[in-house]
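These are the residues of each chain, in order.
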Amino acid sequence: MTATYFLILALLTVSLFLVGRQRASSLAGAEPSSLHSLPSYHGMFLAALIALSMLLVYVLGAPLANRYVEAQALAGIDPATIADGLGRSAVFRDIHSILAGTYAGTASPELANAASAYSSAVSLTGWLLLIGGVALALAAAMMGFRLIGPQFRARNSVERLIKYVLLACSAIAVLTTIGIVFSVVFETIQFFTKVSPIDFLFGLQWSPQTAIRADQVGSSGAFGIVPLVVGTLLITVIAIAVAGPLGLFAAIYMAEYASPRTRAIVKPILEILAGVPTVVLGFFAALTVAPFIRGWGETFGLSVSSESALAAGLVMGMMIIPFVSSLSDDVINAVPQSLRDGSYAMGATKSETIKKVILPAALPGIVSAFMLAISRAVGETMIVVMAAGLAANLTFNPLEAVTTFTVQIKTILVGDQEFDSAKTLSAFALGFVLFFFTLVLNFIALQIVKRYREQYD
Amino acid sequence: MTDITISNGIPVTDYPRDALVKKRYRAERRFKFYGIAAIILTALFLSVVLLDVLFKGLPAFSEYRVDLKVTADQAALDPQNTRDPVTLLAGNYDKIIRDALAAQFPDVSTRAERRALNGLLSSGASDDFRRMISGNPSLIGQEVTVPVLLSDDADQFLKGYQTSEIVLEGTGTLSQTLNGETYSLRSTGDDFAKAFQEMQGFLFERLEKLTTESARLEKLIPGLDANAASSLQSQIDAIKAEAQTLNARITDANVAIELDEKLPSLLVNVNGGTIKASQISPSGIDGVKLITPASAEAAAPGSWSMLTLVTPESNRRVQDQAAIWLTKMKSEGLVERAFATRFFTSGDSREPELAGIRGALTGTLWTLAVTLLLCLPLGVGAAIYLEEFAPKNRVTEIIEININNLAAVPSIVFGLLGLAMFLNFFDLPRSAPLVGGLVLALLVMPTIIIASRAALRSVPPSIKEAALGVGASHQQAIFHHVLPLAMPGIMTGTIIGMAHALGETAPLLMIGMVAFIVDIPGGITDASTVLPVQIYLWSDLPEVAFQAKTAAAILVLLVFLFVMNAAAIMLRRRFERRW
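Residues numbered from 1 in each chain as written. Chains lettered and ligands numbered in written order. Predicted model: local features only at pLDDT ≥ 70, side-chain atom pairs only at ≥ 80, totals over all residues. Heavy atoms only, no water.

**Student:** Looking at this structure, I do not really get the overall build of chain B. What am I missing?
**Tutor:** Across its full length, chain B carries 21 helices and eleven strands. For a compact globule of 579 residues, the expected C-alpha radius of gyration is about 25 Å, and chain B comes in at 35 Å, more than 25% above that figure. Counting across all 579 residues of chain B, residues that qualify as buried make up 49%. Across chain B, contacts joining residues at least 24 apart in sequence account for 73% of those joining residues at least 6 apart. Carbon and sulfur atoms form 59% of the exposed surface of chain B, whose accessible area is close to 27,800 Å². Within chain B, the 58 negative side-chain charges are centred at a point lying 9 Å from the centre of the 51 positive side-chain charges. (Helix = DSSP H or I, 4+ residues; strand = E, 2+ residues; numbered from the N terminus. Rg over C-alpha atoms; globule rule 2.2 N^0.38 Å. Buried < 20%, exposed > 50% of the residue type's maximum accessible area, 1.4 Å probe, protein only. Contact = heavy atoms within 4.5 Å. Areas by Shrake-Rupley, 256 points an atom, 1.4 Å probe, with all protein chains shown as cover. Lys, Arg positive; Asp, Glu negative; His and termini not counted. Charge placed at Lys NZ, Arg CZ, Asp CG, Glu CD.)

**Student:** Can you walk me through the nonpolar core in this structure?
**Tutor:** The tendency in soluble globular proteins is for nonpolar side chains to be buried as a group. Counting 178 residues, the largest nonpolar core has L413 of chain A together with F343 and F414 of chain B as the members making the most contacts within it. The biggest single contributor to this core is helix α7 (residues 226-257) of chain A, with 16 residues. Core analysis: the second largest hydrophobic core is formed by 44 residues, L88, A100, A125 and W325 of chain B among them. (Core = buried A, V, L, I, M, F, W, Y, C linked by side-chain atoms within 4.5 Å.)

**Student:** How should the sheet that holds strand β1 (residues 62-71) of chain B be read in this particular structure?
**Tutor:** The pairing of strands in a sheet happens through backbone hydrogen bonds and is either parallel or antiparallel. Residue and element names in this part refer to chain B. Within the open sheet, the three strands sit side by side as β2-β1-β11. Their pairing is antiparallel. On the outer flanks of this sheet lie β2 (143-149) and β11 (335-339), each paired with one strand and no other. Adjacent strand axes in the sheet meet at a mean angle of 40° when their direction is disregarded. Inspection of the sheet shows β1 paired to β11 by five bridges, in the antiparallel sense. Note on β11: the bridge partner recorded for Y64 is R337. Sitting on the sheet, helix α5 (residues 93-104) touches β1 and β2, and the angle it makes with β1 is about 90°. Docked against the sheet, helix α7 (residues 127-135) engages β1 and β2, running at close to 145° with respect to β2. (Pairing = 2+ DSSP bridges. Axes fitted to C-alpha atoms, helices over the stretch in contact; angles between N-to-C directions.)

**Student:** Please clarify how the UniProt feature "transmembrane region" (unreviewed entry) in chain A should be interpreted in this entry.
**Tutor:** All names here are of chain A. The feature "transmembrane region" (unreviewed entry), as given by UniProt, occupies residues 40-60, 124-149, 161-186, 225-251, 272-293, 313-336, 357-378 and 427-449 in the numbering adopted here. Taken end to end, residues 313-336 is 92% helix and 0% strand, and its first and last C-alpha atoms sit 36 Å apart. Annotated as residues 357-378, this span is 100% helix and 0% strand, and its ends, taken at the C-alpha atoms, are 32 Å apart. (UniProt positions renumbered as here; feature names shortened; annotations may be inferred.)

**Student:** Explanation requested: a positive patch on the surface in the structure shown.
**Tutor:** The grouping of K355 and K356 of chain A together with K22, K23, R26, R29 and R30 of chain B at the surface amounts to a positive patch. Going through the elements one at a time, α12 (350-379) of chain A together with α2 (15-57) of chain B are the ones with two or more residues in the positive patch. In terms of residue count, the dominant contributor to the positive patch is α2 of chain B (five residues). (Patch = residues over 30% accessible without salt bridge, like charges linked within 9 Å, V, L, I, M, F, W, Y side chains within 5 Å. Salt bridge = Lys/Arg side-chain N within 4 Å of Asp/Glu carboxyl O.)

**Student:** Just checking my understanding: could you explain the pattern of salt bridges for this structure?
**Tutor:** Scanning the entire structure with this criterion turns up 25 salt bridges over all chains. In this structure, the salt-bridge partner of R24 of chain B is E352 of chain A, at a minimum N-O distance of 2.8 Å. Taken together, the positions of R24 of chain B in helix α2 and E352 of chain A in helix α12 put the pair across two chains. Classification of R24 of chain B as partly exposed rests on a relative accessible area of 27%. Taken together, the shared-partner salt bridges connect E63, R65, D128, R131 and R342 of chain B into one network.

**Student:** Is there a simple way to think about a nonpolar patch on the surface in this case?
**Tutor:** Residue and element names in this part refer to chain A. A grouping of L175, I178, V181, F182 and F186 is seen on the molecular surface, where their side chains present a nonpolar patch of about 470 Å² in accessible area. By the secondary structure assignment, L175 is in helix α5 (residues 154-194). Classification of L175 as exposed rests on a relative accessible area of 55%.

**Student:** Is there a simple way to explain the state of the cysteines in this structure?
**Tutor:** Disulfides are covalent bonds that connect the sulfur atoms of two cysteines. If you walk through the whole model with that rule in mind, you get zero disulfides over all chains. With no disulfide of its own, C169 of chain A has C375 of chain B as its nearest cysteine by sulfur position, at a separation of 12 Å. (Disulfide = S-S within 2.5 Å.)

**Student:** Help me understand empty space enclosed by the protein, please; the structure alone is not making it clear to me.
**Tutor:** Empty space among the atoms can be located by rolling a probe the size of a water molecule over them. Residues and elements named next belong to chain B. Applying the stated rule across the entire model yields four cavities of 30 Å³ or more. Taken together, 14 residues line the largest cavity, and the ones lying closest to its centre are S62, D155, K159, E353 and K549. Elements represented by at least two residues in the lining of the largest cavity include exactly β1, α8 (152-158) and α21 (544-575). Residues belonging to the lining of the largest cavity are distributed by class as follows: six nonpolar, two polar and six charged. Looking at the second largest cavity, its volume works out to about 40 Å³. Residue lining of the second largest cavity: T364, T367, L368, L440, A501, L502, E504, L508, V530 and P532, and that is the complete set. (1 Å grid on protein atoms, 1.4 Å probe; cavity = no way out; pocket = protein on both sides within 12 Å on 5 of 7 lines; lining within 4 Å. Points joined across faces, edges and corners; volume = space filled by probe spheres on them. Nonpolar A, V, L, I, M, F, W, Y, C, P; charged D, E, K, R; others polar.)

**Student:** I keep staring at the domain arrangement of chain B and nothing clicks. Help me out?
**Tutor:** It is common to give the size of an interface as the accessible area that goes away when the parts come together. Considered domain by domain, chain B is made up of domain 1 (3-57), domain 2 (165-315) and domain 3 (358-575). Summarising the inter-unit geometry, the C-alpha centres of domain 2 of chain B and domain 3 of chain B are found 59 Å apart. (Domains from an automatic or database assignment.)

**Student:** Honestly, unusual backbone geometry in this entry has me stumped. Any pointers?
**Tutor:** Across residues other than glycine, the phi torsion is negative in most instances, and most of the peptide bonds are trans. Positive phi, normally seen in glycine, also occurs at S431 of chain B, with a value near 60°. Within the secondary structure layout, S431 of chain B lies in the loop between α15 (411-425) and α16 (433-458).

**Student:** Would you mind showing me how to read the interface of chain A and chain B here?
**Tutor:** The interface is formed by 83 residues belonging to chain A together with 77 residues belonging to chain B. Between chain A and chain B, roughly 6,900 Å² of surface is buried when both sides are summed, and carbon and sulfur atoms account for 76% of that area. Taken together, chain A and chain B are joined by one salt bridge. In this structure, the connection of chain A to chain B is made through 14 residue pairs in polar contact (both at pLDDT 80 or more). (Buried area = accessible area lost by both parts, 1.4 Å probe. Polar contact = N/O pair within 3.5 Å; in protein donor to acceptor, adjacent residues only side chain to side chain.)

**Student:** Looking at this model, I keep getting lost on the pairing of strand β7 (residues 265-270) of chain B. Mind explaining?
**Tutor:** The side chains of a regular strand alternate between both faces of the sheet. Residue and element names in this part refer to chain B. Among the six residues that make up β7, five are buried, leaving the element largely enclosed by the rest of the structure. Summarising the sheet, β7 and strand β8 (residues 273-281) pair through four bridges and their orientation is antiparallel. Directly across from V268, in β8, lies its bridge partner I275. In textbook terms, the turn of a hairpin is the stretch between consecutive antiparallel strands, and for β7 and β8 this stretch comprises two residues, one of which, N271, has a positive phi near 50°.

**Student:** Sorry if this is basic, but what is going on with the confidence of the model for chain B here?
**Tutor:** The predicted coordinates ought not to be read in detail in places where the model reports low pLDDT. Here chain B averages 84 in pLDDT, while 96% of its residues score no lower than 70. Long-range and interchain partners of residues 1-7 of chain B, a stretch whose pLDDT sits below 50, account for two contacts in this model, where long-range means more than four residues apart. (pLDDT = per-residue confidence, 0-100.)

**Student:** Just checking my understanding: could you explain helix α1 (residues 2-28) of chain A for this structure?
**Tutor:** Since one α-helical turn is 3.6 residues long, residues separated by three or four positions face the same way. Residues and elements named next belong to chain A. Along its 27 residues, α1 runs 39 Å from first to last C-alpha, staying within 8% of the 39 Å computed at 1.5 Å per residue. Those residues of α1 not exposed but buried are Y5, L9, L12, T13, L16, G20, A24 and A28. Elements in contact with the buried residues of α1: α2 (39-74) and α4 (109-147). Just downstream of α1 lies G29, where phi reads positive at about 65°. (Expected span 1.5 Å × (residues − 1).)

Quick look at the structure:
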């Protein structure tokens, strides 16, 4: 029904556009310049009226229709079976399969009745919606049609509408942020009614398995994020230890030494590296780097676990080299040439200029580049999921398996979840901490960059 | 007096300053070298990743099949002679194929052996045959050659991933004597003496490995608590005991070596049969037959050979018996290696040799279609508004800061948004490309907005001013003149954004696109998975053959990314105008 509705909407819109345009040109007759707006604006005006009114009917009507359909379908069902959401969705699943003819076995008369009530309610509301929408649209079109004339400022109306549509487009970004905040905050608050924030933030043990039965032993569930913080920190430190020097030196070379030809070769290499999907790097970390480190450790008599922080950290470091280098490259290039010239005039060599003049001048920018890289590393999921493991060890040894925020979120939420259990909710609390942390880091970094740009502009 | 030199204005010695300059130049060179080294290391890493994936993935694009001549027996396939398509699909194709395979090895008689022989075939071995017959029922009753897919283990063996092989041609005349079940083979040359030495070498290697392993484990003991330490100690003791027995076997150079499943297998091909050595001494071997030799006559030099399968039998999935069957079929030209079209035409499967990426590719296409349809209009609209119409006020500033921050939010957080909003609140279907596309659209929208704004900004204001000058409205100037000129830049940004969406995995895991789905999704509300998630799923599976499949899927993904990025670069080169 929805498809039919929107098909009719599209058809009406197009045809009323043509009608409007035709009407305007015929009114203008032999003198097109007598119209205030071009004929196609009159067409667009009518089309917009149609589309908006039909959309309005749908947006208002569809939820009401849904409510009615549900009420009709559930009217004959025993209230006890539909007391909770689970039972209700089971009934609807059955109704859908009965209507699709895929129901296993014979349906109880109660269910069969519900199914027929459901389908008749669906078709009834569908028709009502369609008739209502078309009626309103035609009424709006009649009114609009009367307005069309040489004096009518159709362009101004259409342009105002377009402007609002464009504003709505840019509001989506804000809505997304609000959506993220809402989706994590509610669940996090719910989580904190079950687990105290103090235990969450300062607990030294993470094992989110909660007991299913009250008398079970050993699975009480511990939600202390310190092991996760340490694990995330460990991997991030390794990653920055790799990406920091490599990315910075690459950026310095690219900005200060490289000829345009070298730049033309090296830049794409860094871009390709930045474009390699993280799942590919995770595969490489888990199946090539980790066994390599393990074998290498064994020849030195070290005990390396098969999923080590080192493997994940090294590969993640390689992943963020392009971030560090391209951002640092930008800020180094933004340092005014006059500073360089001044330094050369004092007799400094190129490297001395870089070390004593350019880097100090670019320091805020470079710091912010590192902060963005850190937030990238903290939020990265696939590499650590595939190479870092699940064991929440509280350790600083890079050869052991550690776990991170992202790994735990993924592990808890993938697969079957029990709603409203502390375990499921804890994933959202972790997500909240992760979102908050990266947001603050990014915000500060972007502010630093902005101030730095203003300083040299 | 020292005055003289100073008043001359000539330094006493210029040596220290020279050294300083040299030192500074050295520092200069060192600094430059660090930069080059950083770039080379990065490039090296990238090429190692790509080559690693390439070498792991290429074998998965081919598969081994046995070409079997079978008779499409009417009694098994269509007993009532109806040619009804449903009956044809239900026919017992497996039996025909298995009988045909058994006919190749008349030796095979016991049930266990037959089961081992059938184990060489894939569980979907008869699919091709079934498709052939149901597509062309007139073949029933005729003899046809059917390509029969081998199992993943057999495939891996034939590709050489299970073990390396050493083949030695016999240099002496080989005589065989049968004593009960045991064949005793003796050569007039020094073939077996050489093989014996080699086997001793393997024993030494194993001994060394055991010694280093026990030494390594012993070092760990001090750091453990009593319980773990005692269990580790017993492990070490077991290793030491094994080493001791090994040592005893090696010390005497002339005592025959028992070949157990922890040593490489030595197989002798003679007179069309194969003997597996169970004991080797410098003079010859004693062993059991895997394939009965056609005759018991002595074999001339060059007409027999020794085959060593280096990986011990206990460490590989293909046992000696199966290995010999496969080797024999290969030498008779029965198996062929062909391009695995299956990889592109079938959906996921639990059997590595049957698994393909078509389901994931279709899911990816649906998902990206939803993403593109949403984020292109919304992103461009937002960019036009912010660049051209937005008043300079607090609200606009907030929107701008918001977009920049959104671009750096971890992708898994978008997954949480999808889970809480689209699945739990709006009740959209789980695992569906619709929800995946929605989440990815929100994820890449900041990228597209930022790229589109840059493209709009790069169109010189004179264009807009000229349009305004001849009487166009502000919107006409933008939609008719500025936007078309900015289009190449916007498209480039969009393609890069879509490439980003194509490689994204984590948020899709959150909304349930990780299910094991065999069917090809037919629309945006069907349960499906996408290529990167398929890669993640396969990489988790224990079968070795899935590793190759994973790498192959990665190659396909990288090809797509490469094509998209190349298209973006082409667009930029071809249409971008410098003003």
